[in-house]
Amino acid sequence: MTPRLAWIDGARAFCVLAVVTMHTVLTVQAFGIEIDGWRWLVDALGPFRMSALSLLSGLLLSNRIRRGWTDRSVRASVAMSWWLYAVWLLIFTIFAIAVGSFLWAGPLGGGSAVESWQAFANQLVLPRTILWYVLALAVWTALLTTLRRVDPALVLVVLAVLSVASFSLPVLDGSDQYRNICRYALFFAVGVYGSAWMRGELSRRPASVLLAASAGFAACAAVVVFGANTHVEHVLSAPRDLAGAGVVLACAVFVARIPLVGRGLAWVGRRTLPIYVMHGLLLEVMILFPGWWVPSLQKSDALSIVSPALIMFAIAAATIAIHEFATRTPIRVLFALPAPWRRRILKEAP
C-alpha cells in the first residue's frame, strides 16, 4: 500500500472513530455519568469529522463521477449506497420493533409496529437516523454525476449557498438529517473537483497545507467565538469546516508515516463501513441493557473517565469481527450489493 492510500485510509478511520466516540459519549451521559472532558472533545471535533469524511468520500469517487453515467462503476456505487441504506434501515426498524429503541433506533420506535413501518417508509426518503450518511453518498454521487458537464465553480457556489442555508431549513420532526445531506454536499463536491490538486499538494507539501488550513480555521473560529452570533457562525461554517477538513487530511499524512500507528489506522480505515452502520445498534443494546456496565462506571471515576475510549475501541473491534465473519457467508449482502445485481449493473459475466 502506498503512503498516499495510507493517509486517505487513516483519515477515514479518524473520522468514523470520531463519530462513534461522539455517539458513545452521548450514550454514557444519558445515564448521568459525568465525562465533561469527553463532551468538550466531541464538540471541539464537530467542524472536523463529517466535513473531512464527506470530502474524502468525494475524493475517492472523483474519477468515477467525472466520467459520468457511461462509467458503470458509478452506477454500482450509487446502487450500493442505496442498497446499504435500505438494508440497514430495515435492520434498525426490526430491532426497534422486536427489541426496543431509545437513542439511536429511537426515530423508528416509540409507537406501534405499524408506526415503525411507516417511519421506515418515510425515512427511505427523509432520513432521521445516524444512517443518513449512507443515503447521502448515493444522493451526492448521483447529483454530481448528472451535473458533470456543468461548470464546477457554479456547482460549488450553489452548494456553498445550500450549505449555509441548511441551518435555516424547516425542522420537520426534531431529528431531521436531510439538512445534513444539504450541508455536507459542498464538502463532497470539493473532494470530487479538487481531488487531483489535493492529492498533489498533500503529497508534496503537507506542512504547507497544514499551516494554511490551520490559519484559515483559526481565523474563522476566532470570528465565531468573538462575535458570538449564531447567524455569523452559520455563514462561516462552510469555510471553517473546509479548513478543518484540510487540517485532518494534512495531519493524516504525517500520522501515516508513523509505522505502527499509521498502518493500524489505515487498516481500520479500510473497514469503516461496518463500524459506521453497526455501531448505533451496539450502543442501543448497551442502553437497553445497562445493568452490566452502568454500575461499574458509577462506582469508579477512573473507569468512567476512560469509558468512551474503551467502548469505542470495543465497538470497532466487534463490528469489524462481525463483518469479517459475514463476508464469508451468504449474509455478506448486508455489506455489499447482491452479486447478480452487481454483475448486471457492470455487465460482467457470471
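Since we're looking at a predicted model, the values are computed, not measured.

*Asks:* What am I meant to see in the pattern of salt bridges here?
*Replies:* Where charged atoms from two side chains of opposite charge come close, those side chains can pair. A complete count under the given rule lists 11 salt bridges for this structure. In this structure, the salt-bridge partner of Asp71 is Arg67, at a minimum N-O distance of 2.6 Å. A relative accessible area of 13% places Asp71 in the buried class. Looking at Arg67, the relative accessible area reads 45%, which means it is partly exposed. For Arg240, the salt bridge identified is with Asp241, shortest N-O distance 2.7 Å. Per residue, the accessibility class of Arg240 equals that of Asp241, and both read buried. Taken together, the shared-partner salt bridges in this structure form one network comprising Arg183, Glu233, Arg240 and Asp241.

*Asks:* Explain the packing of aromatic side chains here, please?
*Replies:* Think of a pair of aromatic rings as described by two things: how far the centres are apart, and how the planes are tilted against each other in angle. What the rule picks out here adds up to 11 aromatic pairs. Ring geometry for Trp117 against Phe120: centres 5.9 Å apart, planes inclined by 85 degrees, an arrangement best described as edge-to-face. Of the two residues, Trp117 and Phe120 both sit in helix H5 (residues 113-123), 3 residues apart, roughly one turn of that helix. By relative accessible area, which is 39% here, Trp117 ends up partly exposed. Look at Trp132 and Tyr184: their rings are 6.2 Å apart centre to centre, the planes differ by 25 degrees, and that puts the pair in the stacked class. With a gap of 52 residues between them, Trp132 in helix H6 (residues 132-146) and Tyr184 in helix H8 (residues 178-193) connect regions that are remote in the sequence. What makes Trp132 buried here is its relative accessible area of 6%. Put simply, the rings of Trp132, Tyr133, Trp140, Tyr184, Phe187, Phe188 and Tyr276 touch in pairs and so form one group of aromatic residues.

Analysis parameters
- Residues numbered from 1 in each chain as written.
- Predicted model: local features only at pLDDT ≥ 70, side-chain atom pairs only at ≥ 80, totals over all residues.
- Heavy atoms only, no water.
- Salt bridge = Lys/Arg side-chain N within 4 Å of Asp/Glu carboxyl O.
- Buried < 20%, exposed > 50% of the residue type's maximum accessible area, 1.4 Å probe, protein only.
- Phe/Tyr/Trp six-rings, centres within 6.5 Å; stacked < 30°, edge-to-face > 60°.
- Helix = DSSP H or I, 4+ residues; strand = E, 2+ residues; numbered from the N terminus.

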